[in-house]
Amino acid sequence: MLNTLVPPNLPEQVLALFARGTYGLAGNWSRLEGERDQNFRVTATTGESFVFKVCHPAEGEDVLTCQALALEHIALADPGLPVPRLIRSVTGEPLPRLTHEGVTFPVMVLSWLSGDVLGDAVLPPDSVRDLGKLLARLGLAMRGFVHGAPAERSLVWDTRQVLGLWSQVAKLPVDDRALAEEILTRHRDVTESQMRRMRSQIIHGDVHPYNCLAGADGQVNGIIDFGDIVHGPLILDLANAVGDFLSRAADPDETIFDFVRGYASVTPLEEIEADALLDLIEVRLLMTPLIDALKAANGIASQGYFQSFNSRSMPMIRMLRTEGRARLVDLIRRAASYPPKQTDHAATAEEAIARRRKVMGEKLYVFYDPPIHMVKGEGVWLTSSDGRRFLDCYNNVPHVGHCHPYVVEAIARQARTLNTNTRYITDQSIEYAERLSELSSEGLSAVVFVNSGSEANDLAWRMAKAFTGHQGGMAMEFAYHGVSEAIDAFSPSNAPEHWYAPHIRLLPAPDTYRGEFGPDTPGLGERYAALAEPLIAELDAEGYGIAAAMVDSAFMSNGILDAPEGYLQGVVARVRQAGGLFIADEVQSGFGRMGTQFWGHRHHGVTPDLVTIGKPAGNGHPVGAVITRPDILSHFLKAGPFFSTFGGNNVACAAGIAVLDVIRDEGLLANALDAGNYLRQGLRALMQKHAIIGDVRGVGLATGVELVRDRATKEPANTELNRLLGLLRDEGVLIGGEGKFGNILKIRPPIVFTKPHADTAIAGIDRALERL
């Protein structure tokens, strides 16, 4: 490495003669600074300027050829990048040779970029961001360039080779040695191995204030000097630039943040890169005094800007240390669009509960006692703050699995592009509406977007009232459809003891296990459906009429019932005969959960007038919609326009589209049917062992397990259920409770739940029942 630390020093007249004969270049010559090359600015008689470089022969022909070819590659990859262009000789050579006093020197001629060397000038924040973007563009332009020389190059400024400078620590001032040892030790023990897992390519590696040009407006308008080109981690381009610009930064935090934010806006950082960046910046700063010590030990005096860098490097490292490592790492993560690592987690569950009560209300409304502090989700698994994993057999909102990578990427990609409302024409809302309409068929081709299932049901109810002119409604006893004031009336399960809605009638559940009609009753479906007749008559008699019946096709809150064949068809026929509409609430039952059909209402052979969907459609991202007939929507809009500010926004629709893609591509309808049947088969087998199981029922991945104290009397085992849920939690299996008696296990997992997951759940239930 030492043999390139002193640049050549050939007579100017020799160079001028060579330039005229080899390039046809003549004009005025002026010397430029260079650490390893002898550089001149040549201004031709035409007024055009060029850079004439006499390269150090010890650099190696392969390395210099690589530099020349890299510049030609960049010119093709990103012609707008403000970097020099290679000028070939009159015979087409990229690197003609000049022999002087028996030594052969490669020569390179480059175009001249206008502007002044930035030097000690301080860039304002917006200019730092722009430079970060420019540096990222340079990395992108070089991404496809391949050459073997940089990977094998021995270069003193290559961060990958910094440990070779360790011996120079002893030559530093005494006060600097311990800090230098600490930085190099961390690099050896931590960062060096991380670099082996990072994106790597050929990089510039030396974008510093004296390799940047600025125009009259002070903005950076050029990057020069590709002499330190190496093959290494891409992040070194950014780390080296930040380190070198920090040496003259008025506000280190601002410089780091703006550099990273600008760079990441063009080339997003990988998380491992973001977390290692501070260490690599410190290494870059440390390399300046170490290389200066190496030069001094070999009788080479540092000149020009090198002395300026050297005098500021160690003080800057100390300033960064004063700022605090954790804080700076989080600053970099924020600039790179990663959440801070240093989050204010509660030390104990008790502390978390106290904090929550203080700001979210005294009543907790949480699962389990004590509650579980969840920090991560993946597929059908949830991970708590103590690192324990739980099989999620309950949460239907992450419909295709917690944090499904395809959905997550769709959300992130769209959020980086555009997120606005449907008062503009947006591709995502149109595509999502088209796909929902295609899946619905049955004449349901009008889609109105909102933000949740509650909003969707609220809007569907408004549409039904407007279309029919009636004010009465019908829902299942112990139903749940949302939290708005209007829909709370359709949701007696929210607060059964306080429910009061004179304009709503509640249908007895078609419960063939403990309802009015048992499984052997002739015409079972019709018998239960007929129970709607007196309710409709009451609404008529009281002047409400019936605007709509709203039903969840899986009867989730009723305990996940196997409604008898023909039941829902009979209810809907009676409602329509009375002038009402049918609203199919598909928030829980739709999108393939029931396995037999995409929509739950199709499982019952019913065509609704309105379909409502909610957050499972976006895998947890806020999404809601009403899908209806065009005539119903048109009639509703006659009374005035309807608009939901962020219903149908680009990100929500991107999430919805991604969920549809996953359901299709991963065959999740078939999986829901197969895994659900397998699960119920295993649960029914447990009935032989555990008398507390009175009934197992359901369709697809919607399963109810009714617990009773006595199978003959069917006395609900409600207190036992509460205990069992805690025991299941201890087994690492999360299941919910349901039903108006509070005695039903509600098993409603993400539909990526498979047979092996079912085996885990069955075994956990078995062990928990034994302990019960």
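Before any of the text, the structure's been laid out above.
Presented here is a report on the structure given in the accompanying data block.

Reading the values: rules and limits
Residues take numbers from 1 onward in each chain, read along the sequence in its written order. Restriction of local features to residues with pLDDT of at least 70 applies here, the model being predicted, together with a cutoff of 80 or more for giving and counting side-chain atom pairs; totals for whole chains, interfaces and linings are based on all residues. The side-chain values count all of the structure's non-hydrogen atoms but skip hydrogen atoms and water molecules. In short, DSSP must find at least two bridges between two strands for them to pair. Every helix listed is a DSSP run of H or I at least four residues long, and every strand listed is a run of E at least two residues long, numbered separately from the N terminus. Accessibility here uses a 1.4 Å probe with only protein chains present; expressed as a share of the type maximum, an area under 20% marks a residue as buried, one over 50% as exposed, and anything in between as partly exposed. Residue contacts are defined here by distance: any two heavy atoms, one from each residue, within 4.5 Å place the two residues in contact. N or O atoms within 3.5 Å of each other form a polar contact, as long as, within protein, one can give a hydrogen and the other can take it, and as long as residues adjacent in sequence are counted only when both atoms are side-chain atoms. Salt bridge, as used here, is a side-chain nitrogen of Lys or Arg placed within 4 Å of a carboxyl oxygen of Asp or Glu. The rule for a disulfide is simple: a pair of cysteine sulfur atoms within 2.5 Å. Pairs were defined over the aromatic rings of Phe, Tyr and Trp, the Trp ring being its six-membered one, requiring ring centres within 6.5 Å. Orientation was assigned from the angle between planes: stacked under 30 degrees, edge-to-face over 60, tilted for the rest. To estimate how far a helix should extend, the number of its residues minus one is multiplied by 1.5 Å. Inter-axis angles, ranging from 0 to 180 degrees, are taken between N-to-C directions of lines fitted to C-alpha atoms, where helices are fitted over the stretch in contact. In what follows, roughly perpendicular refers to angles from 65 to 115 degrees, roughly parallel to angles under 35, roughly antiparallel to angles over 145, and oblique to any angle outside these ranges. Just so you know the grouping, Ala, Val, Leu, Ile, Met, Phe, Trp, Tyr, Cys and Pro go in nonpolar, Asp, Glu, Lys and Arg go in charged, and all remaining residues, Gly too, go in polar. Among the buried residues, those of types Ala, Val, Leu, Ile, Met, Phe, Trp, Tyr and Cys that are joined through side-chain atoms within 4.5 Å form a nonpolar core.

Details of the sheet that holds strand β13 (residues 381–384)
Reading across the sheet, the 4 strands line up as β12-β13-β14-β25 and stay open at both edges, with mixed pairing between neighbours. Of all strands in the sheet, those bounded by a partner on one side alone are β12 (374–378) and β25 (733–734). Looking at chain direction, β12 and β13 are connected through 4 bridges and run antiparallel. In the strand pairing of β13, methionine 374 is matched with serine 384.

Points about the environment of lysine 53
By the secondary structure assignment, lysine 53 is in strand β3 (residues 49–54). In this structure lysine 53 comes out as buried when scored by relative accessible area, which is 8%. Once the C-alpha coordinates of lysine 53 and proline 622 are considered, the two residues, 569 residues apart in sequence, prove to be 60 Å apart. Contacts of lysine 53, omitting those with residues within four sequence positions, involve Asp37, Gln38, Asn39, Pro106, Val107, Met108, Leu110 and Asp225. One polar contact links lysine 53 to asparagine 39, side chain to side chain, over a distance of 3.3 Å.

Description of the pattern of salt bridges
All chains considered together, the criterion is met by 54 salt bridges. The partner of arginine 413 in a salt bridge is glutamate 409, and the shortest N-O contact between them spans 3.7 Å. With arginine 413 and glutamate 409 both in helix α12 (residues 405–415) and 4 residues apart, this pair spans about one turn of that helix. Since its relative accessible area comes to 36%, glutamate 409 is described here as partly exposed. We note a salt bridge from glutamate 533 to arginine 574, for which the minimum N-O separation is 2.7 Å. Taken as a pair, glutamate 533 in helix α17 (residues 532–541) and arginine 574 in helix α18 (residues 567–577) lie far apart in primary sequence, 41 residues in all.

Side note on the sheet that holds strand β7 (residues 116–117)
Spatially, β7-β9-β10 is the arrangement adopted by the 3 strands of the open sheet, whose pairing is antiparallel. Looking at the sheet topology across the chains shown, the edges are occupied by β7 and β10 (220–223). Alignment of strand β9 (residues 212–214) against β10, held across 3 bridges, turns out to be antiparallel. The residue of β10 that forms the bridge with alanine 214 is valine 220.

Comments concerning helix α10 (residues 325–335)
Every buried residue of α10 is accounted for by Leu328, Val329, Asp330, Leu331, Ile332, Arg333 and Ala335. Positioned one or two residues after α10, serine 337 has a phi angle of 70 degrees, which is positive.

What about the state of the cysteines?
The final tally for this structure, using the stated rule, is 0 disulfides. Just so you know, cysteine 55 is unpaired, no disulfide at all, and the nearest cysteine sulfur is the one on cysteine 66, 13 Å from it. Of all cysteine sulfurs, the one in cysteine 403 lies closest to cysteine 393, which takes part in no disulfide; the gap is 17 Å.

Re the packing of aromatic side chains
Applying the stated rule across the entire model yields 13 aromatic pairs. Look at phenylalanine 245 and phenylalanine 259: their rings are 5.6 Å apart centre to centre, the planes differ by 65 degrees, and that puts the pair in the edge-to-face class. Pair noted here: phenylalanine 245 is in helix α6 (residues 235–246) and phenylalanine 259 is in helix α7 (residues 252–266), with a separation of 14 residues, a long-range link. Both rings, one in phenylalanine 636 and one in phenylalanine 642, keep their centres 6.3 Å apart while their planes meet at 55 degrees; by these two values the pair is tilted.

Examining the side chain of threonine 468
Relative to the helices and strands, threonine 468 is located in helix α14 (residues 453–468). Of the polar contacts made by the side chain of threonine 468, one reaches the backbone oxygen of alanine 464; its length is 2.8 Å. Within the local environment of threonine 468, its side chain forms a polar contact with the backbone nitrogen of histidine 470, the two atoms lying 3.1 Å apart. Excluding residues within four positions of it along the chain, threonine 468 makes contact with Ala547, Gly579, Gly580 and Leu581.

Here we look at the pairing of strand β23 (residues 702–710)
Within β23, 7 of the 9 residues are buried, which leaves it mostly tucked inside the rest of the structure. As paired strands, strand β22 (residues 693–699) and β23 are joined by 6 bridges and run antiparallel to one another. Bridge pairing in β23 places valine 696 opposite valine 705. Counting the residues in the hairpin turn of β22 and β23 gives 2 residues, including glycine 700, whose phi is positive at 60 degrees. In terms of strand pairing, β23 meets strand β27 (residues 744–747) through 4 bridges, oriented antiparallel. Counterpart to glycine 704 in the pairing with β27 is lysine 746. Bridge count between β23 and strand β24 (residues 715–716): 2 bridges; the pairing is antiparallel.

Here we look at helix α2 (residues 61–77)
With 17 residues, α2 extends 24 Å between its outermost C-alpha atoms, agreeing within 8% with the 24 Å of an ideal straight helix rising 1.5 Å per residue. Inspection of α2 places Val63, Leu64, Cys66, Gln67, Ala68, Ala70, Leu71 and Ile74 among the buried residues, and these make up the whole buried set. Here the buried face of α2 lies against β4 (86–87), β6 (103–111), α3 (125–142), α4 (149–152) and β8 (200–203).

Focus on the packing of α2 against α3
At their nearest, the axes of α2 and α3 sit 9 Å apart, and the two run at 105 degrees to each other. Relative to α3, the element α2 is oriented roughly perpendicular. Across the interface between the two elements, His73, Ile74 and Ala77 from α2 touch Leu138, Ala141 and Met142 from α3. Residues of the contact of α2 with α3, tallied by class, amount to 5 nonpolar, 1 polar and no charged.

Details of the nonpolar core
One finds Tyr432, Met474, Tyr567 and Phe591 to be the most contacted residues of the largest nonpolar core, which totals 117 residues. With 8 residues, helix α21 (residues 650–665) is the single largest residue contributor to this core. When sequence neighbours within four positions are dropped, the list of residues in contact with tyrosine 432 reads Phe449, Phe591, Ile613, Ala617, Val623, Cys653, Gly656, Ile657 and Leu660. In this structure, Leu95, Ala239, Phe259 and Met316 belong to the second largest nonpolar core, which totals 91 residues.

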